[in-house]
Amino acid sequence: MAKRVGVLALQGDFEAHQKALQRAGAEAVQVRTPDELNQVQGLVIPGGESTTMLRLLHAANLMQPLKEFGETKPIYGSCAGAILLATDVINPSQESLKLMDIGVQRNGYGRQLDSRVVQIPTDSGDMEAVFIRAPIILRVGKDAKVLASYNGDPVLVEEGRHLVSTFHPELTNDTRVHQMFLDKIA
Ligand code: GLN
């Protein structure tokens, strides 16, 4: 049976993630309420604008339910989603779910490099990585595993059941990152 996975659909490129999850064989649904969150086995937090997403998460009463969800179920955070999962956020600092022991710097590649597409090496071969006003992962905790790096910075990291990327695999046809996430769902 297909795994039922949610995509947080308050802001950002949630539709692209929904399609990517479907391409990877999952049943993917949009999540906007605590009730909808209760009905999925894993959740993707998409890219977008993390400050706006935080504000909308509070408005939807989703902060505490998300923290609890992440204590037992897998979450994949892409770009702004990675910022929300991190323990420490700088530039500027802001509240986060603290579900992964990583530290991130928002807009870490600077304004002159707003967006770029590069090839990054992974265990399963090169992968096209789209960066859009991406954060830099400055620190990873001892239980985190770096799965891919770019220019010496981690860009794809897992810690236990959770996964983050600072790039946007949902904007390519490569389903490996979404597949990796689905593999974490029991
Ligand atoms: N710069 C955004 C932020 O800080 C993240 C960008 C993205 O998700 N593509 O929230």
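Overview of the structure. (Residues numbered from 1 in each chain as written. Predicted model: local features only at pLDDT ≥ 70, side-chain atom pairs only at ≥ 80, totals over all residues. Heavy atoms only, no water.)

**Considerations on the overall build of the protein**
Here comes step 1: Helix and strand counts for the protein stand at six helices and 12 strands.
Here comes step 2: A compact globule built from 186 residues should have a C-alpha radius of gyration of about 16 Å, and the protein, at 15 Å, falls within 12% of that.
Here comes step 3: When the backbone C-alpha atoms are referred to their principal axes, the protein occupies close to 40 × 35 × 30 Å.
Here comes step 4: Burial status across the protein gives 51% buried among its 186 residues.
Here comes step 5: Partitioning the contacts of the protein with sequence separation of at least 6, the portion at a separation of at least 24 is 64%.
Here comes step 6: Just so you have it, the protein exposes about 8300 Å², and 48% of that area is on carbon and sulfur atoms.
Here comes step 7: For the protein, the distance from the average position of its 19 positive side-chain charges to the average position of its 22 negative side-chain charges is 2 Å. (Helix = DSSP H or I, 4+ residues; strand = E, 2+ residues; numbered from the N terminus. Rg over C-alpha atoms; globule rule 2.2 N^0.38 Å. Buried < 20%, exposed > 50% of the residue type's maximum accessible area, 1.4 Å probe, protein only. Contact = heavy atoms within 4.5 Å. Areas by Shrake-Rupley, 256 points an atom, 1.4 Å probe, with all protein chains shown as cover. Lys, Arg positive; Asp, Glu negative; His and termini not counted. Charge placed at Lys NZ, Arg CZ, Asp CG, Glu CD.)

**Section: the site of the ligand**
Here comes step 1: All residues in the neighbourhood of the ligand are listed as Gly-47, Gly-48, Glu-49, Ser-50, Cys-79, Ala-80, Ile-83, Arg-106, Asn-107, Ile-132, Arg-133 and His-168.
Here comes step 2: Between the ligand and Gly-48 there is a distance of 2.9 Å, counted from an oxygen atom to a backbone nitrogen or oxygen.
Here comes step 3: Between the ligand and Ala-80 there is a distance of 3.0 Å, counted from an oxygen atom to a backbone nitrogen or oxygen.
Here comes step 4: If the ligand stood free it would expose 300 Å²; the protein chains cover 94% of that surface.
Here comes step 5: Its residues assigned to classes, the shell around the ligand comprises four nonpolar, five polar and three charged. (Near = heavy atom within 4 Å. Polar contact = N/O pair within 3.5 Å; in protein donor to acceptor, adjacent residues only side chain to side chain. Nonpolar A, V, L, I, M, F, W, Y, C, P; charged D, E, K, R; others polar.)

**So, the packing of aromatic side chains**
Here comes step 1: Applying the stated criterion across every chain yields a total of four aromatic pairs.
Here comes step 2: On the numbers, 6.0 Å between centres and 65 degrees between planes, the contact of Phe-131 with Phe-167 is edge-to-face. Of this pair, Phe-131 sits in strand β8 (residues 127-132) while Phe-167 sits in the loop between β12 (162-165) and α6 (176-183), and the two are 36 residues apart along the sequence.
Here comes step 3: What makes Phe-167 buried here is its relative accessible area of 0%. (Phe/Tyr/Trp six-rings, centres within 6.5 Å; stacked < 30°, edge-to-face > 60°.)

**Considering the pairing of strand β2 (residues 27-31)**
Here comes step 1: The pairing of strand β1 (residues 4-8) with β2 spans five bridges and is classified as parallel. Following the sheet pairing, Val-5 is matched in β2 by Ala-28.
Here comes step 2: Traced from β1 through helix α1 (residues 14-23) to β2, the parallel crossover comes out right-handed. (Pairing = 2+ DSSP bridges. Right-handed = clockwise from strand over helix to strand, strands pointing away.)

**Section: the sheet that holds strand β5 (residues 88-90)**
Here comes step 1: Taken in spatial order, the three strands of this open sheet run β5-β6-β9, and their pairing is mixed. Two strands bound the open sheet, and with one partner strand each, they are β5 and β9 (136-140). Strand-to-strand, the axes of this sheet are offset by a mean angle of 20 degrees, without reference to chain direction.
Here comes step 2: Pairing of strand β6 (residues 102-105) with β9, which is carried by four bridges, proceeds in the antiparallel orientation. Bridging from a neighbouring strand, Gly-103 pairs with Arg-139 of β9. (Axes fitted to C-alpha atoms, helices over the stretch in contact; angles between N-to-C directions.)

**A word on the side chain of Arg-116**
Here comes step 1: Along the chain, Arg-116 falls in strand β7 (residues 115-120).
Here comes step 2: Buried charge without a partner: Arg-116 forms no salt bridge, and the closest opposite charge is Asp-153, 7.8 Å away.
Here comes step 3: At 3.0 Å, the side chain of Arg-116 forms a polar contact with the side chain of Tyr-150.
Here comes step 4: Look past the residues within four positions of Arg-116 in its chain and what remains in contact with it is Tyr-109, Ala-129, Val-130, Phe-131, Tyr-150 and Asn-151. (Salt bridge = Lys/Arg side-chain N within 4 Å of Asp/Glu carboxyl O.)

**Digging into the environment of Gly-141**
Here comes step 1: Its place among the elements puts Gly-141 in the loop between β9 and β10 (145-150).
Here comes step 2: Placed 41 residues apart in sequence, Gly-141 and Met-100 show a C-alpha to C-alpha distance of 8.2 Å.

**Quick notes on the nonpolar core**
Here comes step 1: Of all hydrophobic cores here, the largest spans 31 residues; its most connected members are Leu-43 and Ile-45.
Here comes step 2: Counting only elements with at least two residues in this core, the list comes to β2, β3 (42-45), α3 (50-59), α4 (63-72), α5 (80-85) and β6.
Here comes step 3: Here this core gets five residues from one element, more than from any other, and that element is α5.
Here comes step 4: The contacts of Ile-45, once residues within four sequence positions are left out, are Leu-8, Met-53, Leu-66, Ile-75, Tyr-76, Gly-77, Ser-78, Gly-81, Leu-84, Leu-85 and Leu-97. (Core = buried A, V, L, I, M, F, W, Y, C linked by side-chain atoms within 4.5 Å.)

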